[in-house]
Structures are given as structure tokens and as C-alpha cells.
Amino acid sequence: MSNEFWSEIINEGVEDRVEVNQRMLIDKMLSRYSSDFVVLRELIQNSDDAESTLFILEIFCDLNKTSDLIDEDNTNNSNLFGNIGKLFKNHLISNSENENQIENQFNNCFIHEIRTINNGKIFNEDDWKRVITIAEGNTNVDAIGQFGVGFFSVFSYSEKPIIQSGKSCLAFSWQNGKSLTTFRKELSQDKQTSTTSIILPMKTKFVLQTKLNKKKLKSKTNRLTNEIIPLLNLNDLKSYFIKVLSFTKYLNKLIIKINNEIIFEINKTIELITKNKLSANIQRLNASDDFQFIHFDSLKQTEQTFTILNQSSITLNHIDVIANIHLDKQFQKQMENVLKKSLPNQIHIQFLFPSNQIFQEENFKNSMLKTLIPLRFHEKDILPDGKIFIGLATNQSTGIGMHLFTHLIPTIERENIDLQDPFISIWNEQLLISIGKIIRFIYDQTIKDFVNQLEIQTIDQIHFILSPYAFIQSSPNKEIGRIIVDGFFSSDSDILVPVKRSPIDKHLSLIPSNEAYLITNKEMEKFLPLPIIPYEIGKHDFFQILKRRQWINEITNEILCKIISETIFSFNEFIELFHWLLTLNHHQDKRFLKEIFSKLKFRQINSSEIILLENIQYFDQLNLEFIPLPRNILPSSIISYISREDLQKRLFLSEIPIKYLIEYYLNEKQKHLFEKSNYSMIILYLISKHLNKFQSNEINEIKLKLSNIKCILTSQGMKLPSESYIPSDNLSSNLPIIQYHILQISNSNSKEEFLNYPISLELLKLIGCRTIYIQTNLSNDDNLQTNQCFIENLLKQRKTLSENDLKALKTSHCLIGITNEIKGKYLPHELYFPSISNRLQWKSLIILDWFDIEKNSSEYLFLKELGVKEMIELPKLISRINQEHSETKQILNEYQIPLALKFFAENFQSFYSKIWKNSNIKIPFLPSISPFIQQSTQVFLSIPEHVFKESSPLCSSLIPEVIGYFSQYFDIGLLGVKHRPSISIAFQILMEKRNELLNNSTASIYFTYLNKLDGLNKQFINEISKRSFIPLENNYMKINQVFIRPKSSQDKKFDEISTQGLIDYIDYGEESNSFLTSIGVTYYPSAENLANLLIDRQVKFLSLNNSNEILPLKLQFYTNCLKQLAVVSNVAREFHEEPLKSRLRNSSWCLGYQIIENSHGNKERIFRIVKPNEIYLDDDHQCSIDLHPLCAPDEPELTKLYEQFGAKWISESVHRTLIHQGKTFLTDRSQKLKDLILYRLDMLFVNNRGERIENLDEKRIELLRNKLLVYESEGIQCHLTFEKKTITLNSSECSSCALEFDKNQVYLFILKNLSTLDYIDIASELTRFVSKKAIHSLIHSISDKLSSPLETLKRRGIPVDRLLKIQQQTLQLSSPIEHKKLEEKPLQQEQSTVRKQIEDKPMEQQSSVRRQSQQIEEKPVQQQSPVRKQSQQELQNQSRGFLQSLKE
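These numbers come from a predicted model, not from an experiment.

A. Fine view of the overall build of the protein. Each helix and strand counted, the protein has 51 helices and 52 strands in total. Counting across all 1448 residues of the protein, residues that qualify as buried make up 50%. For the protein, restricting intrachain contacts to residue pairs at least 6 apart in sequence, the fraction spanning at least 24 positions comes to 68%. Taken as a whole, the protein presents about 73000 Å² of accessible surface, with 47% of it coming from carbon and sulfur.

Spelled out as C-alpha cells, the structure:
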């Protein structure tokens, strides 16, 4: 459609040509040029395209018109060459020391003309044609220009440019300020040249500035006129000319002249490097298929030297990669459409970068040539400063330290690479990726040459080698640098990086970067056994790029911990590790330090054993060099290199706690250390020196452990302390004498090595070293040495006796004893002092043979210390009491208290009380008698817990003589004998003998006694409530199973007969009953208790003693019990909580009655006890009469109770179907009923506020409104289905109406022979039809609204008028009660239609034609509301057809 529309316009429209304002077009194009010296750039590029080798710039100044009034402090952004670009301020090198006098004479002169001259090819006809054509560009595929607008930059400062080339010249002229015109002329023979010149008369004043200005001004301001005058800075121009030669193909010399004086000249010479590894390996780049159309062919490496006339020179590396281009035809065609010329089949990708020796060249220093280097210097850092060259330099940086030149396609101003055009961007991106690939290739070879060829590798050299590869962000377009970097990392081959493989390596090695590690601290180099990038090198940006791209590993805390824990360090490396740890931020790295200290290994020297340290916490301030230390202690050999302050404040280590160290050595696992005498000596020395720092219990522990270790060096080797003897003149040399240096004893035999570790005599005696030899003090002749002599001799040496000396005495048969007048040698602890035997008259007791020894003398006390006893051991004494008891008469009146028991009473407070609590004596030893109820005089022995002071009918009691004797010395209650038992103990005794002691006759005695005892509490009551102990006939009952007979009971016999088996009463007298009530026996059962009794006992209760006289009484009592439950069922919390809730729902306890027919055909009323869900609640008495279900007693309280736990209503359990019988008639009464229902329909199913009742079927209400027909019928039949049985009722036994319906019609049949309508029955049928849920209150409401006058309904508050307005029918009719006439016409039409539909059919088919019977089943209701029950009563009293009265 658009093509047709275009043709129509072309054929019928008025033609007009598009005019171009050439002036404005050129000005706008010039505004896109944003670089410095843009005019010179274009002219120099054209010269190089013309294969010129020389380019001369001539500036003509007016020396007579200097700008004396220029304000040198003001600055502006104007610039001679198009007010474009920025100065290279980072690279400007002052040459003020060698200022040229020729230059200075032109300072601040006005420039009136500029000329350029080149010796390249002169213009041919195509060239003349292109130069006067805008946007036709150079069609040469190797030429840089492509847009055909570069030359027109000359108009930025000249209105009348002139071109002179060969035989012709061309001048430009503006016509009317809009269109550009050219004039071409052939030159005379004398004016023809072999060069090409561009002559540019200035259109604006420019000032030449030859002196260096520190402020780098771009313009100056005339103080008088405020005119802004742009500047041409000669030094900036020189710097630009230096860069111009970077990638020129033919140009190798540039000259600047001012007024025909040569001011500046720079030359470029090229020297080919014939042998280089790069050329040989360039083909490897083609192994990757990353580049879609670039295939690398060859590489040429040269050295290019740039020389300024009469000044210095500089040499840079130049690499030229020749690549063949293979484009598919479609892409090539698309590119030609965009560029308007073909792409080359071969391109050059060139790089210019400094050599490794450039900074060593003398001529380089202070030279303007330094600006040519693609690096810049910021403080101590060398940063990349490479540029993209599109012919000549642009402002686009590469992000690397290399200048780049290749066939990149620029934007129109030739300052940016075009990455926007969808086709050009593909070309440029592929070129940039290939550049990155080549840079990677150059890097690989450069780093190999550096590492492999240089013997001395300095950090500065490595930094310079890596500086081109720092990969900073390119600008202004950062995408350029990103794509180059992507190309650099596009290869799958490993990047080689310089590393130190171990701390001792002096030279760097090359390994793949993914195997190398960057470190965060210089100290790490000195101990980590990993291939590490040296710290100073690793700070270089090149490695940060590798880290960001995950091409190199970074040392993390996790790696450090793993490597350190696995490494076995040399001693020096281990010291360096700790020096590194001291450099960390320890307050932030406490956890890291802890992990480092968890496991460390090192060797003191290469041949020594590995020292393992774990979880280091302490350092060795004790200088313990000659003994193994715990693994968590830093040895003294290490801490000598670290200050104590650093150890404590920076490494968070503490001095060794001496207690901890000694505990370590005394540990079972370190026992082997004592096998070496020098280790044992050092440990004992430590303990001896610091013994005063230990508590007494700690000293005892040290003593215990050392006494069992062979830790003492003796003359006979290592011995236990008990086997070692402290040196003394009294000891035989044959004994194992201690060899250590002992502080308090002068031992000239001690070796010199022992003198540095002296051990105190106190420690040796403490751990059990001996001072005497017992056998030398004992004689085999018993008659020559008595106990007295032996003891007196020992007392003389008492001060020097060690603990083991005493132990030896205690374990030797060294004392003489007598038993039954027989002497013998005994151990000290086997003997008793003679005074005991006399008191107890105990001849078999072994006593000390020293009858006149004085008590409390030093000998007596020493013998006690050795173990001779002055008291009988408690178990032995108890046994003696039993022995004496068995030897005396055990009748109460003749009983003698045993002497041993009296001895026990006499000495209890002074001796036995201390050991009584822990003795746990279970042997009977207290003389006792039985409870008084048993009337026994036999004396027997009891333990304190089983006997009491007070006589009782239930427990044993002490004989009075024992109580009296003990009271002389102490209260016998200290033994645990109580005055009387607690109630719990007494009850436990009673229960143990329940069957023997407890019956109906004795219960009052025991319950009365229990009532006097203390200790009654909730715990006791809870425990006994679970036990059966109350006698009842031949059984024992629990607390909640019996009840105390109330005093108010009139007829006990009646109570027993009617309640026996369900509620049992007891009466044991006032005191006994008091006890029973205190533990929870009640006069009446609680609601919960009663419920459980009914569930548990109803079968037994109703089955025993059921005579015709008794059973009615029991049923009456059971019913009364149920009524009691009904009263509290809603408020008793227990009824709604488990387990009683489930028991009431699932157990049989509900009393019900049912009419059955007996074998004689007579009806009989029986009772049954069933579950709640098996009994029915009578809300339809007619159904109850007809169906004989098991019904609840006629008690409202029980109906409520049964329903609460799951009983069902009869009306909800009976399936009712009402259908009409016989003939049907459309009568005046039936029609009036229909009209009444329809007229009041919107009133029937709302409440008194006019709000629609919930759970109604709205569709059925609409069906009533539109499809209701009312007939009279000869009969109504009702089918009742109950418990899978169905019965049929005739009209006299059921409802007076029936509602039937099918999908399209609703029929209401009323019984014909009724004199008046039963509105309850009608309301019931309507409710069943529309209600989704049985609502009995709704039945009564509908009945009332149908039968009552409207005025009556209004008085009751029903909004009659509002509801009748809703009625869509406009019939004017009245109810039968209002006695108003109905309109007959519409009714007659309906009658005739219906009558014809029905009566035309045979009678047997009329039923099916009229309707399809719909069975209406009432919805079940889980819990009836009070409203329902009230309505139910009203309905029962009003309508026999629907609900029968309970009274009937």
C-alpha cells in the first residue's frame, strides 16, 4: 500500500528540489571533530596516503603586530586548530634550559597564514574531483579516509583555502554565505612544482606562543577590548609532531618553519630485527577459531628510532602483524553498502611499545621524546597510556601500554571507534579481540625472555616489563579496553607468571598462573612453601586483573591454615612465620590466630626430630630446653626472637602456668618421661621450687602420683619414693641411696650436672622417700624388746621420719598383742588399747601388751598414729550387741541391756556420731516390742528406721529401759528413731499387711490412728488414691469408689437397696471418717466421679437384686443421677476434656426406653443402657409411635445431656417421603392458597427485619414463584424409612399436604376432606423444599405469616409494605381470613390449562404426568439452639400432621 501511495504522490505532486546549506553542513561536521590539531592531522594523513616521505608546516607571523595587551592570567578553551581536544599535560617536558633564540623572537606574534607542503604524489583528476565533493571519500581500500569530509576541516580557520599540486591549483570561495564554489586553474610553467601545498590564509587572529607557560593557556584576553584571542602553543605542536610519525607508512620526516626559519625537525628510521621468536610462532595464533574472518599470516618486528634535529633520540619496538581477511559474501556486501568501498583482503595490525632498555638510554632523559612512550609516570607507578591510531593518534586510549594501529573503522570525526553500527561493530570488535590475542602472544614471549635470560632480576625491571599489561580502563570509550582484555584472556592456554617456588629460591621461575598464589604480606615470602608471586610484584595491576578474572589463586586464610598445618618448617622459616603473625591485625584475627596455632611443625636443624605444636596458648618463660614441653607451649628457642610484649599483646600468648606444667608432667600419658633421670630431675626440681604455690588438696594429688612413679634416681637406678632412701650416716651403703642434689643435706657425692637442679628435702619426704630402715630396728627376740622400748626408740627419730617410714611401721608386724592370754606380733591397726577390753568384758579382743600406758602420753599418741585403736569399729560393735542379745533372756520383764549397746550409748557423742550418718547400718541392734494390739512381751532387735518411741497399734516400739539409758547421754532420735511414724510410713506398713490386719472390724482402729499422724499432704493423697484399702464387704475399695453416709439420710435400708452397686456408703465412726474425708473420701460423688461410676458400674448395678419392687427404685435413682450430670454438663470442664469426653461419647451409660412386642403379641416397655449415638431424642412423637425407636426418658434435662454427647433426633434420622393418592382437583380453595403463597412469598423466608434467612435455595424460591401449582387430593400417603426399615402411613396418620416437583413444575397437594387448612403442615413442606438446613423456627414463622392478617403482621414489626413492593406480581388478593375477593380471570385460564394436561390422560398415568416425586430429607443438625427447641415445642402443640405433642 505504501508503494502505491508513493507512486501516486510522485505522479501527481508538484516537484521541488532539496537545497543544501553547504556552509551550515560543513560547520556542523566540523563541530564533530574533537581532537587537538585536527587540521594538521587530516593534512598529514592525506600526505601519507599520497606516499609522501616529507611534510613541512610553514607558519607566517607578523613581527610588527605583537599582542602586547594580552592578559596572560585569563584562560579559555579556544584553540587554533578548531578549539578541539586537550593537552597532554602528563607528558609535557620542559625544554626551558635550551630555549631557541630564533623561536623566542616570534613569541606572541599574530599568525596570518599557514602552509603545508608534502612530496607525495601530485593530484590527478580523480583527486581533484574528490576534493571538491563532500562525503565521497577515498575508494582506496588501504587509505584511512572513508567519509570524504576530513579535508573540509581547513574551513575551521580559513575562509579561502588554496590547493597547489603539480600543474594545477584550486581555490575555494563561499557564495551568499551558503554554497561553496571552487575555481581551478592550470599553472604556468614557472609556477609548476612536484609537490603538493595547502595554503590557508587565517580568518581569525591567532597568537603564536613559543615560550613555555606553566599555566598552559589556550587563549588570552585583550585588556582594552576584552577580545578573546586563541593561542597556538609551539611546544604542544612539537609534541604532536613527535607522535605523528608513530605509524606513518611513508612519512619519515616532519619539519616546522616559522617565517621560513626551520624551528623543529624530527626523523624516523627503521631497523628490521631478522631473528625473533615472535615471527617464528605467529602461526600458533590461528590454532584457535575465536576469530571469524582474521587469519594471521606473518609478523615483522622492527626497531624505530625517532630523532629530533640537534637533540636526542629514542628507540621503540614496533611489531607489524599481517593478517588475511576472509569474509563471507553476505557480510562483505553489507559492509560495502555501509562504507561505500570494499574492505581490504589483507590488513596490518601494528604495535608500538618501549624496549626493556629504554630507561637506561642517556639521551632519553629530559627529552620531549618521552611523550612518545605509551606509558605515563605517576609518582612511583608506571601506568599504561597507549592510544588508538587511526592513521594518526586519537584521544582514545587502549587501556594498555602500547600504541595500536590497524584498519579499525572510526566514527566521522576519527576520534572514536564505531561500535554502534550493527555491521561495523562486528568488524571492529573482531579486530580488537585479535589485538588482545596478539598482546597476549607478545606478553608470553616477553616474560619468557626476561625470566630466562636475565641473571639479576630486579623488582623495577619486572614492574617495567609488566607495566604495559596493567589493563586500566580505556577512555573515553571504556568498551575498547574491555574488548582488548577479553581478547587477551580468550585463549585457553595458561598465562605464565613469575614466581618464587620456595622461600630459599633466589631466582624467579615461570609457571601457569592457576598454579601461582598472590600474597597479602611481604613476610609470607619468607616461610610459605608455595609458588608465590613476590609481594612487590603482586601489587602490580596485571595480577589484580588476573585475580578478578580468577586466573590466579589468592592466598586466603583457609589456604594459609591448611598449608601451614601441613608444612614442616625449618627453624628460620618458623621464625619468619611468627614475624608475619606479628604484622596482622590481631584484634580482628583472633580466631585466625587460633586456627594457625592449632597445628605447627618445625625442625631445629635439618637432621633433628620434628617438633609438633598444637593449640598454642603459652610460651616457655622458664627456659626449659632439656625436657619435652606440652605441645601448646612455644619453646624458648623461638621466643628468644620475639619480645615478651609481642608474645602477650599481639600473639595473645601467656606465660606457662606452673600448675598446668606440673599437671602435664604428672599425667598418666607422660609417665615415660620419668624413665630418664635428667627429665625426672628437672620435673622434681620444678615441683620443689614451686610447691608453695599449690593448695593442700593439690599437694596431696602430687604426692599420690609421684609416690607411684619410679621417679627417684638412686645408687641402684630409678626407684619408687618408698624404695629410695635419703642420704644419712645411719643407712647402709647397700640400700638405694638418692643421688640428686638435696638442698638441706650436704652431699659431696652429687654430680655437677645435678647442682643446677636442687630438690628440697621437704618434697622428698612428702612423696615418701625413706629415712629409716625398719628391719634394722626390730629384733627377733621378743623377750629382749618390749613395746615400750620399741616405741621410745622410734620417738627419738620422729622428726626425721618420712611418711613412707610411718607407712612401713603401719604395715609391719612390729607390736606385741594379747588375746585370750596368748601373745603374738600384730600389725598396729589389729590392736586395741587395754582399757576397752576391761569395759566390755570382751576376752577375745586383741589388746596391746602395755597395760600401764598412760592415756594422752606421747607414746600413746604415737601408737594411735600407727593405728592402735581406742574404740571398737561400729560394725564390729553392732555384731557384739547381737551376740550379747542372743545370750540373754528375751522376755520383757527379764531382759538385760547388752554391755556393747551401753558402750555405744556412752561413746556415741564423742566418737560414733561422726561416722553414724554414713555407716548405713542395716543390722538390727535396738531392743523392741511388737504393736500393743498384738499383746506380745517378746523382745527383738530392730533398726532405728523400723522402731519408734511411742507404743502404737501398727508399729514396733523401743523397750522403756533402752529409752531411759540412752537419754542419759543423748537423744536417741539422733540415731533416726522417731517418736511416731509419719502417716506415709504407717500407711505403707498397713498396706504391706493389709489382708492380715485390715477388715471391717479393725478399720476404725487403724484409720483413727492414722488420723493422729503428721505428714498428710497432696503427694500422699495422690499416691493412696490409686490404691485399694477401704474395706467394703469382702473387697477393698479406692477413695473415689466409696462415700461416707450422710447423717441426714432417713432410710438407710432404702439407700442401701437403691444405691448398692452404684454408690456405696461407709461409716467407721467420727475419728475414722475424719481421716477418710481428709484424704478425699466425700459424702457425694463429684460430676466427673459420678460419670465414671455410671460408665463402670451400670451393668452390675442394674443386674443385681432386680425384683419388681427394687428395679423401679434403681431406675429412678439412675435417672436422678443422670439429671445431676445434666445440670453440670455444660459448665463442668472435665466433661469436655480427655479422657472423660471420649468415655462419655463411646461408652454405654445412657438410659433409654423402647416399646417392643413380646412373644404373646403384647406391647411391652423395656429399658436399655446404650451409647449416646444409639439412642434417639423424640422431636417427632408420631414417628416415635410408629417406629418404636429407643428413646430417651421424657425428661428435658436428659434430652439436652444426650444430645451433647451424640444422641440423634428422630426427625433427623427418619427418611420421609410424602405423595398424594387418588384423584386431584383444582379448586377455588387450592387456587386461593396458591395466590396467597405467591402474594406473600417475599415475606415468608425473611426474618422480622426483612432480612433473607441463610441457607435457602434461591433457585427453588424462584421455582415456587414461577412454577407453583396447588391441587386438592383424595389422600396423602407418607413413607417413613428408619434403620433400613420402611413403613407406610395413610392420610389420617401423616401430614395434611405433600409437595412434589420435577425440573419444570412444583405441585402442592392438600387433603381434600379437611375442613380447614393446616398451615403448619403447609409451612413444613415449603421449608423442606427451599431450606438447605432444617430450620424448625422457620416453619412456625411461615405458618404465622400465611395465617395472620397483614395488619397483625405489621403490628408485630414485620416490614409488610416494603416486602410486598418487591413482589413482581400485581394481583389484588386477600387471604381467606381477610374475606376479600380474588380476580378470577387469570386463575381460570391456568385451571383450564392444567386440567386439560392432567385429565386427558388415563388415571394410572396421571401421577407420572403431574410430577416426579421428590424425596425431601431433613438436614442433620449437630447441636440444636434454644430457639429450635422452643419452636419445636410450639410446633408440637399446634400440628399433629407434622410434629406430635410430647404429652400425647
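Here the narrative resumes.
B. Broad picture of the packing of aromatic side chains. Counted under the stated rule, the structure contains 60 aromatic pairs. Judged by centre distance (6.1 Å) and plane angle (65 degrees), the rings of Tyr-443 and Phe-488 are edge-to-face. With Tyr-443 in helix 9 (residues 424-453) and Phe-488 in helix 11 (residues 478-488), the pair connects residues that are 45 residues apart, well separated along the chain. Ring geometry for Tyr-965 against Tyr-969: centres 5.6 Å apart, planes inclined by 50 degrees, an arrangement best described as tilted. Using a relative accessible area of 16% as the deciding quantity, one classes Tyr-965 as buried. Relative accessible area serves as the criterion here: at 34%, Tyr-969 is assigned to the partly exposed category. An aromatic cluster is present here, built from Phe-527, Phe-569, Phe-571, Phe-574, Phe-578, Trp-580, Phe-592, Phe-597, Phe-602 and Tyr-641 joined pairwise through their rings.

C. Summary view of the pattern of salt bridges. This structure, assessed with the given rule, holds 48 salt bridges. Between Glu-159 and Lys-203 there is a salt bridge whose closest N-O contact spans 3.4 Å. Of this pair, Glu-159 sits in the loop between helix 5 (125-131) and strand 4 (162-165) while Lys-203 sits in strand 7 (residues 196-209); the two residues are 44 residues apart in sequence, bridging distant segments of the chain. Judged by its relative accessible area of 26%, Glu-159 is partly exposed. The partly exposed category is assigned to Lys-203, whose relative accessible area is 36%. Of the charged contacts in the structure, one is a salt bridge between Lys-705 and Glu-701, with a shortest N-O distance of 3.5 Å. With Lys-705 and Glu-701 both in helix 21 (residues 696-706) and four residues apart, this pair spans about one turn of that helix. The partly exposed category is assigned to Glu-701, whose relative accessible area is 43%. It is possible to trace a salt-bridge network through shared partners that takes in Glu-479, Arg-482, Asp-486 and Arg-549.

D. Summary view of a nonpolar patch on the surface. A cluster of nonpolar residues, Phe-932, Ile-933 and Ile-1005, forms a patch on the protein surface that exposes about 250 Å² of accessible area. Relative to the helices and strands, Ile-1005 is located in helix 32 (residues 1003-1012).

E. Main features of the packing of helix 8 (residues 329-339) against helix 9. Between helix 8 and helix 9, the shortest axis-to-axis distance is 10 Å and the interhelical angle comes to 110 degrees. In terms of orientation, helix 8 and helix 9 fall into the roughly perpendicular class. In this structure, helix 8 contributes Phe-331, Met-335, Val-338 and Leu-339 to the contact, and helix 9 contributes Ile-424, Ile-426 and Trp-427. Tallied by class, residues from the contact of helix 8 with helix 9 come to seven nonpolar, no polar and no charged.

F. Spatial organisation of the sheet that holds strand 33 (residues 815-819). Pairing is antiparallel in the open sheet, where three strands are placed in the order 34-33-35. Edge strands, defined here as strands with exactly one partner in the open sheet, are strand 34 (822-826) and strand 35 (847-848). Relative to strand 35, strand 33 runs antiparallel, the two sharing two bridges. Bridge pairing in strand 35 links Gly-817 to Leu-848.

G. Broad picture of the nonpolar core. Within the largest apolar cluster, 70 residues are counted, with the highest numbers of intra-cluster contacts made by Phe-351, Trp-427, Val-497, Phe-542 and Phe-543. With 13 residues, the top contributor of residues to this core is helix 9. Beyond its immediate sequence surroundings of up to four residues, Trp-427 is in contact with Phe-293, Ile-325, Leu-327, Phe-331, Met-335, Leu-343, Ile-347, His-407 and Ile-409. Within the second largest apolar cluster, 62 residues are counted, among which are Phe-106, Ile-163, Phe-206 and Leu-316.

H. Quick peek at helix 42 (residues 1228-1239). The terminal C-alpha atoms of helix 42, which comprises 12 residues, lie 16 Å apart, in line with the 16 Å expected from a rise of 1.5 Å per residue. Among the residues of helix 42, Ser-1230, Gln-1231, Leu-1233, Lys-1234, Asp-1235, Leu-1236, Ile-1237 and Leu-1238 are the ones counted as buried.

I. Quick peek at the sheet that holds strand 23 (residues 532-533). Sheet architecture is open: three strands sit in the order 23-22-24, paired in parallel fashion. The sheet is open, and its two borders are formed by strand 23 and strand 24 (553-554), each paired with just one other strand. Direction of pairing for strand 22 (residues 517-518) relative to strand 24: parallel, over a ladder of two bridges. Paired with Tyr-517 across the strands is Asn-553, a residue of strand 24.

J. Region of the structure containing the environment of Ile-596. With respect to the helices and strands, Ile-596 occurs in helix 16 (residues 590-596). The spacing of Ile-596 and Leu-581 is 15 residues in sequence and 9.3 Å in space, taken between C-alpha atoms. If we skip the residues at most four places from it in the chain, Ile-596 touches Cys-561, Ile-564 and Leu-581.

K. Representation of unusual backbone geometry in the model. Put simply, Ser-475 and Pro-476 share a cis peptide bond, and its omega is 0 degrees. By the element assignment, Pro-476 lies in the loop between helix 10 (459-466) and helix 11. The residue after Glu-1138, namely Pro-1139, is reached through a cis peptide bond having omega 5 degrees. Within the secondary structure, Pro-1139 is located in the loop between helix 37 (1110-1128) and helix 38 (1140-1146).

L. Seen up close, the packing of helix 24 (residues 803-810) against helix 26 (residues 858-866). Taken N-terminus to C-terminus, the directions of helix 24 and helix 26 make an angle of 85 degrees; their axes are 9 Å apart at the nearest point. The angle between helix 24 and helix 26 places the two elements in the roughly perpendicular class. Note on element contacts: helix 26 touches helix 24 through Phe-862, Glu-865 and Leu-866, opposite Leu-806, Leu-809 and Lys-810. Taken together, the residues of the contact of helix 24 with helix 26 break down into four nonpolar, no polar and two charged.

M. Spatial organisation of the pairing of strand 14 (residues 346-354). The element strand 14 is largely enclosed, with a buried count of seven among its nine residues. Pairing of strand 13 (residues 313-325) with strand 14 involves nine bridges; the strand directions are antiparallel. Across the sheet, His-318 pairs through a bridge with Leu-352, a residue of strand 14. Note: strand 14 against strand 19 (residues 403-405), three bridges, orientation antiparallel. In the strand pairing of strand 19, Gln-350 is matched with Phe-405.

N. Layout of the pairing of strand 50 (residues 1285-1289). Pairing geometry for strand 49 (residues 1268-1282) and strand 50, over five bridges, is antiparallel. Following the sheet pairing, Thr-1281 is matched in strand 50 by Thr-1286. As consecutive antiparallel partners, strand 49 and strand 50 are separated by two residues, and within that stretch Glu-1283 has a phi angle of approximately 50 degrees, a positive value.

O. Looking closely at the environment of Asn-259. The residue Asn-259 is located in the loop between strand 10 (253-258) and strand 11 (261-273) in this model. On the basis of relative accessibility, which here comes to 22%, the residue Asn-259 falls in the partly exposed class. Of note is the side chain of Asn-259, whose polar atom sits 2.8 Å from the backbone nitrogen of Cys-61.

P. Molecular detail of the environment of Asn-1255. Tracing the sequence through the fold places Asn-1255 in the loop between helix 43 (1241-1244) and helix 44 (1258-1267). Assessed through its relative accessible area of 40%, Asn-1255 is described here as partly exposed.

Q. How the structure looks around the confidence of the model for the protein. Looking at the protein as a whole, its pLDDT mean stands at 82, while 85% of the residues score no less than 70. The low-confidence segment residues 73-99, where pLDDT is below 50, has 77 contacts with residues more than four positions distant or belonging to other chains.

R. Fine view of the state of the cysteines. Counted under the stated rule, the structure contains zero disulfides. Cys-109 supplies the cysteine sulfur nearest to Cys-61, a cysteine that is in no disulfide, at a spacing of 5.5 Å.

S. Molecular detail of the side chain of Thr-210. Mapped onto the elements, Thr-210 comes out in the loop between strand 7 and strand 8 (219-222). The buried category is assigned to Thr-210, whose relative accessible area is 3%. At 3.1 Å, the side chain of Thr-210 and the backbone oxygen of Glu-103 are in polar contact. Dropping the residues within four chain positions of it, Thr-210 is found in contact with Glu-103, Asn-104, Phe-106, Asn-107, Leu-234 and Asn-235.

T. Looking closely at helix 8. Taken together, the buried positions of helix 8 are Phe-331, Met-335 and Leu-339. With its buried residues spanning 60 degrees around the axis, helix 8 presents them on a single face. Seen from the buried face of helix 8, the exposed residues on the opposite side, beyond 90 degrees, are Lys-329, Gln-330 and Lys-333. Where helix 8 ends, the next residue or the one after it, Lys-340, has phi of about 65 degrees, a positive value.

Rules behind the numbers
Residues numbered from 1 in each chain as written. Predicted model: local features only at pLDDT ≥ 70, side-chain atom pairs only at ≥ 80, totals over all residues. Heavy atoms only, no water. Helix = DSSP H or I, 4+ residues; strand = E, 2+ residues; numbered from the N terminus. Buried < 20%, exposed > 50% of the residue type's maximum accessible area, 1.4 Å probe, protein only. Contact = heavy atoms within 4.5 Å. Areas by Shrake-Rupley, 256 points an atom, 1.4 Å probe, with all protein chains shown as cover. Phe/Tyr/Trp six-rings, centres within 6.5 Å; stacked < 30°, edge-to-face > 60°. Salt bridge = Lys/Arg side-chain N within 4 Å of Asp/Glu carboxyl O. Patch = residues over 30% accessible without salt bridge, like charges linked within 9 Å, V, L, I, M, F, W, Y side chains within 5 Å. Axes fitted to C-alpha atoms, helices over the stretch in contact; angles between N-to-C directions. Parallel < 35°, antiparallel > 145°, perpendicular 65-115°, else oblique. Nonpolar A, V, L, I, M, F, W, Y, C, P; charged D, E, K, R; others polar. Pairing = 2+ DSSP bridges. Core = buried A, V, L, I, M, F, W, Y, C linked by side-chain atoms within 4.5 Å. Expected span 1.5 Å × (residues − 1). Polar contact = N/O pair within 3.5 Å; in protein donor to acceptor, adjacent residues only side chain to side chain. pLDDT = per-residue confidence, 0-100. Disulfide = S-S within 2.5 Å. Arc of directions from axis to C-beta.

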